[in-house]
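# Residue-level structural notes
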Amino acid sequence: LVLPSAPATFRIHAALADNGIDALARTTSDFAVAEVPPFEPTYDWRPVPTGAGLPAGLDVRMHLSGEGSEAKIPDPFRLQIGLDKPVAGIFRHDIHRATTMRELAIALDEHAAQRHTRHPNDSPSPVCAELLVAGDGSLGHAAGEALIPLLPAATAEELGLFALQDKLRVHWYPCETLAAPATDSLAGSSYATSTDLHAWRMPVEL
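Since the model is a prediction, treat every value here as computed from it, not as a measurement.

## Quick look at the overall build of the protein chain
- Counting secondary structure elements, the protein chain contains 2 helices and 10 strands.
- Overall, the protein chain shows an N-to-C arrangement of helices and strands of β-β-β-β-β-β-β-α-β-β-α-β.
- The buried share of the protein chain, taken over its 206 residues, is 33%.
- Counted over contacts in the protein chain with a minimum sequence separation of 6, partners at least 24 positions apart contribute 51%.
- Accessible surface for the protein chain amounts to roughly 12,600 Å². Of this, 53% is attributable to carbon and sulfur atoms.

## Thoughts on the side chain of S125
- Examined against the element boundaries, S125 turns out to sit in the loop between α1 (101–118) and β8 (127–142).
- Accessibility expressed as a relative area gives 17% for S125, which makes it buried.
- The residues contacting S125, other than those within four sequence positions of it, are H116, P174 and E176.

## What about the confidence of the model for the protein chain?
- Summing up the model confidence of the protein chain, the mean pLDDT is 78 and the portion of residues at 70 or higher is 75%.
- Confidence drops under a pLDDT of 50 for residues 137–144, and excluding neighbours within four residues, the segment shows 11 contacts in the predicted structure.

## Digging into the state of the cysteines
- Evaluated as defined, the whole model comprises 1 disulfide.
- Each sulfur in the disulfide pair C128 and C175 lies 2.1 Å from the other. The chirality of the disulfide connecting C128 with C175 is right-handed, given an S-S dihedral of about 105°. Within this pair, whereas C128 is found in strand β8, its partner C175 is found in the segment after β10 (168–174), the two being separated by 47 residues in sequence.
- Overall, the relative accessible area of 9% leaves C128 in the buried class.

## Quick look at a nonpolar patch on the surface
- Taken together, the side chains of L54, V60 and M62 make up a nonpolar region of the molecular surface, amounting to roughly 270 Å² of accessible area.
- Here L54 is to be found in the loop between β3 (46–47) and β4 (59–62).

## Looking at the packing of aromatic side chains
- Summed over all chains, the structure comprises 1 aromatic pair.
- A centroid spacing of 5.2 Å and a plane angle of 90° characterise the contact between F77 and F162, whose relative ring orientation is edge-to-face. In this pair, F77 sits in strand β6 (residues 77–83) while F162 sits in the loop between α2 (156–159) and β10, placing the two residues 85 residues apart along the sequence.
- The ring of W45 carries K72 above its face, with NZ or CZ at 5.3 Å from the centroid.

## Some points on α1
- With 18 residues, α1 should cover 26 Å at 1.5 Å per step; its first-to-last C-alpha distance of 26 Å lies within 8% of that length.
- Taken together, the buried positions of α1 are M101, R102, L104, A105, A107, L108, D109 and A112.

## Describing the sheet that holds strand β5 (residues 69–72)
- Spatially, 3 strands are ordered β3-β5-β4 in an open sheet, and the strand pairing comes out antiparallel. Edge positions in the sheet fall to β3 and β4, since each has one partner strand and no second.
- Relative to β5, β3 runs antiparallel, the two being bridged by 2 bridges. For P47, the partnering residue across the bridge sits in β5 and is E70.

## Quick word on the pairing of strand β7 (residues 89–95)
- Relative to β7, β6 is paired through 7 bridges, and the arrangement is antiparallel. Bridged to Q80 within β7 is R92.
- Linkage of β6 to β7, two consecutive antiparallel strands, is achieved through a turn of 5 residues.

## As for the nonpolar core
- Counting residues in hydrophobic clusters, the biggest one holds 36 residues, and the most contacted among them are L104, L108, L131 and W172.
- Among the secondary structure elements, those contributing two or more residues to this core are β6, β7, α1, β8, α2 and β10.
- Setting aside chain neighbours within four positions, we find L104 in contact with L79, F91, H93, I95, L131, L161 and L168.

Basis of the calculations
- Residues numbered from 1 in each chain as written.
- Predicted model: local features only at pLDDT ≥ 70, side-chain atom pairs only at ≥ 80, totals over all residues.
- Heavy atoms only, no water.
- Helix = DSSP H or I, 4+ residues; strand = E, 2+ residues; numbered from the N terminus.
- Buried < 20%, exposed > 50% of the residue type's maximum accessible area, 1.4 Å probe, protein only.
- Contact = heavy atoms within 4.5 Å.
- Areas by Shrake-Rupley, 256 points an atom, 1.4 Å probe, with all protein chains shown as cover.
- pLDDT = per-residue confidence, 0-100.
- Disulfide = S-S within 2.5 Å.
- Patch = residues over 30% accessible without salt bridge, like charges linked within 9 Å, V, L, I, M, F, W, Y side chains within 5 Å.
- Salt bridge = Lys/Arg side-chain N within 4 Å of Asp/Glu carboxyl O.
- Phe/Tyr/Trp six-rings, centres within 6.5 Å; stacked < 30°, edge-to-face > 60°.
- Lys NZ or Arg CZ within 6 Å of the ring centre and 35° of its normal.
- Expected span 1.5 Å × (residues − 1).
- Pairing = 2+ DSSP bridges.
- Core = buried A, V, L, I, M, F, W, Y, C linked by side-chain atoms within 4.5 Å.

Structure follows, in structure tokens:
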């Protein structure tokens, strides 16, 4: 039996038979599938609606009465990103609610620098990181996938980074190709509208 995600009412007819021939008893049961409100986690404890599914990695606590529970995003939570060449591998980093994307990019730079020291033949020169999120826009940085640069000054909490973990991408570029200084604003969008790489390493006016 496959139940729909939308609210619906069902009626089940059941029969108990002797050797599949004579019905000994019959019954009918009605039941309803209620709509479960989605649970959107934050960094503060929030009640979990009955029946709501929870994403992996949340902190969860049960009430002593046994009725209901609460959940929140851990502060910090452990971010894990699969990296492409020339810094292929897995990158793990603790993310606080106030961690900025610039701070995360710098941590990725340090990770890449350490790898370059150990494996200098993987890349002709040191590389730096640009953080992007897979979206449905028109900024195509990879074949078949629209990628949107993240605003360097934005925090993990402002961007909802916990929910974006599976969509996070890292673009590598030679560090010496930094462009002229620029500033971005958080006003109007959670994402950067400029692909200026130098903004990742410079102070940003908010």
